[in-house]
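# Coordinates in review
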Amino acid sequence: MIQKLYFLQMGYCGLDQSALNGNLPTGKIMYVPVWSFLLETSDGPILIDTGMPDSFVNQPNYYAGTRREGKLIPDMQPQHTMPETLKRLGYSIKDIQAVISSHLHLDHAGGNHHFQDVPIYVQRAEYHEAIHNEDYSPIECREPNLNYHLLDGDYEVAPGIQLLSTPGHSAGHQSVLLNTEKSGSILLTVDVSYTRDNFERGIPFAVKDAQQNQQAIQRLQQVIQNKQPQIVFFGHDIEQAKHQQVYPLFF
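Scope of this entry: the structure provided in the associated data block. Treat the numbers as computed from the prediction; the structure is a model and nothing was measured.

## Side note on the overall build of the protein chain
- Across its full length, the protein chain holds six helices and 12 strands.
- When its C-alpha atoms are laid out on the principal axes, the protein chain stretches across 45 × 40 × 35 Å.
- Out of the 251 residues belonging to the protein chain, those deemed buried represent 55%.
- At a minimum sequence separation of 6, the contacts of the protein chain that also span at least 24 residues come to 64%.
- When the accessible surface of the protein chain is summed, it comes to about 11000 Å², and 46% of that surface belongs to carbon and sulfur atoms.
- Here the protein chain contributes 17 positive and 27 negative side-chain charges, whose respective centroids are spaced 4 Å apart.

## A word on the environment of Asn145
- Positionally, Asn145 belongs in the loop between α3 (124–130) and β7 (148–151).
- Using a relative accessible area of 70% as the deciding quantity, one classes Asn145 as exposed.
- Linking Asn145 and Asp117, residues 28 residues apart in sequence, is a C-alpha distance of 9.5 Å.

## Remarks on the pairing of strand β12 (residues 231–234)
- Judged by which residues are buried, β12 turns out to be covered on both faces: Ile231 and Phe233 on one side and Val232 and Phe234 on the other are all buried.
- Of the pairings in the sheet, the one linking strand β11 (residues 184–190) to β12 comprises four bridges and is parallel in character. Note that in β12 the partner of Leu188 across the bridge is Phe233.

## Describing the side chain of Ser175
- Looking at the element boundaries, Ser175 is found in strand β10 (residues 174–180).
- The class for Ser175 is buried, based on a relative accessible area of 0%.
- In this structure the side chain of Ser175 is engaged in a polar contact, spanning 2.9 Å, whose partner is the backbone oxygen of Thr189.
- Every residue in contact with Ser175, bar those within four places of it in the chain, is listed here: Gln162, Leu163, Leu164, Thr166, Leu188, Thr189, Val190, Val192 and Leu220.

## Quick notes on the packing of aromatic side chains
- Here the structure, examined in full by the defined rule, presents 15 aromatic pairs.
- Summarising the aromatic geometry, the rings of Tyr6 and Tyr247 are spaced 5.2 Å apart at their centres and angled 65 degrees between planes, so their arrangement reads as edge-to-face. On the criterion of sequence distance, the pair formed by Tyr6 in strand β1 (residues 4–16) and Tyr247 in the segment after α6 (238–242) is long-range, its members being 241 residues apart.
- When its relative accessible area of 7% is taken as the criterion, Tyr6 is described as buried.

## Thoughts on the state of the cysteines
- Summed over all chains, the structure comprises zero disulfides.
- With no disulfide of its own, Cys13 lies 11 Å from the sulfur of Cys141, the closest cysteine sulfur.

## Thoughts on the environment of Ala125
- Take Ala125: it is sitting in helix α3.
- What makes Ala125 partly exposed here is its relative accessible area of 41%.
- Among residues more than four places away in sequence, those in contact with Ala125 are Ala171 and Gly172.

## Some points on the sheet that holds strand β4 (residues 72–75)
- The strand order across the open sheet built from seven strands is β4-β1-β2-β3-β5-β6-β7, with neighbouring strands paired in mixed fashion. Each edge of the open sheet carries a strand with a single partner, namely β4 and β7. Strand-to-strand twist across the sheet, computed as the mean angle between neighbouring axes with direction ignored, equals 30 degrees.

## Considerations on unusual backbone geometry
- For the bond running from Tyr247 to Pro248, omega is 15 degrees, close enough to zero to count as cis.
- The backbone of Val190 sits at a positive phi, close to 55 degrees, despite the residue not being glycine.
- You can see Val190 is positioned in strand β11.
- Residue classification places Val190 among the buried residues on the basis of a relative accessible area of 6%.
- For Gln228, which is not glycine, the phi dihedral falls at a positive 50 degrees.
- If you trace the backbone, Gln228 turns up in the loop between α5 (210–227) and β12.
- Exposure remark for Gln228: the relative accessible area of 54% places this residue in the exposed category.

Conventions we followed
- Counting restarts for each chain, with residues numbered from 1 along the sequence as it is written.
- Where totals are concerned, whole chains, interfaces and linings use all residues; where local detail is concerned, this predicted model gives features only for residues with pLDDT of at least 70, and gives and counts side-chain atom pairs only at 80 or more.
- Calculation of side-chain values draws on the structure's entire complement of heavy atoms; hydrogens and water are dropped beforehand.
- By the criteria applied, helices consist of DSSP H or I runs no shorter than four residues and strands consist of E runs no shorter than two, each listed in order from the N terminus.
- Three exposure classes are used, based on accessible area relative to the maximum for each residue type with a 1.4 Å probe and protein chains only: buried under 20%, partly exposed in between, and exposed over 50%.
- The criterion used for residue contact is that any of the two residues' heavy atoms lie within 4.5 Å.
- Surface accessibility in these figures is a Shrake-Rupley result with a 1.4 Å probe; residues are shielded only by whichever protein chains are displayed.
- Within this scheme the basic residues Lys and Arg register as positive and the acidic residues Asp and Glu register as negative, but His and the chain ends are omitted.
- Where a charge sits is defined by one atom per residue type, namely NZ (Lys), CZ (Arg), CG (Asp) or CD (Glu).
- When DSSP finds two or more bridges between two strands, those strands count as paired.
- Polar contact criterion, stated in full: a pair of N or O atoms within 3.5 Å, where within protein one must be able to donate a hydrogen and the other to accept it, and residues adjacent in sequence count only if both atoms are side-chain atoms.
- Any two of the Phe, Tyr and Trp rings considered here, Trp counted by its six-membered ring, make a pair once their centres fall within 6.5 Å; the pair's planes then place it as stacked at under 30 degrees, edge-to-face at over 60, or tilted in between.
- For the purposes of this analysis, a disulfide is any pair of cysteine sulfur atoms at a distance within 2.5 Å.
- Helix axes use the C-alpha atoms of the stretch in contact, all axes being lines fitted to C-alpha atoms, and the angles between their N-to-C directions lie in the range 0 to 180 degrees.

This is how it looks when you write it as structure tokens:
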């Protein structure tokens, strides 16, 4: 079981509001929180997602001149890099025992390259979609020679850490169901739904395959019914983030 779960706020990413709610017109940028999660276990610390690449630090115009200009705007400071984040927690890169990548998008796998020898758990479909596609995400998110453990469906990394295959937002997206000593069951939907409205009201948002993603939402709704988690956490919900307890508080 997980002894402690820390929510780590890793900066912000500006998205067009239509990416969060497909019913809204384009043209307005919304800054959504970027998250990583640290699990303290009897076998050492494990990370879920690693935030944005170091190359985004103080570079809001990173995507100038590309098709993403004006649609993706990083808001990242030096303290949001993975080495600096771990330092604040009393850890270093070499202390991490495993990394779980929900998927390999720019705001979830940017720090993966720091973990050259650590097992990185990612779905095989996600790996193959991303690894040779230069337009998929920055190279830091999809370096080909890391210690990937490629998965084909659900997988238990360790007691209390269950990976759930939930494709749709991306080809090999996975969510995480946790069981913590302090707070019991916690479900991280990650980007199965950016917001509670996406999850509960069916508000459309940015996905690769809408039908697949709806099936993933339905699956997690069944998980909630069966497991009754104490917390259901959505990937980029601005309102939920306002009230979310972060490090040094833990669950």
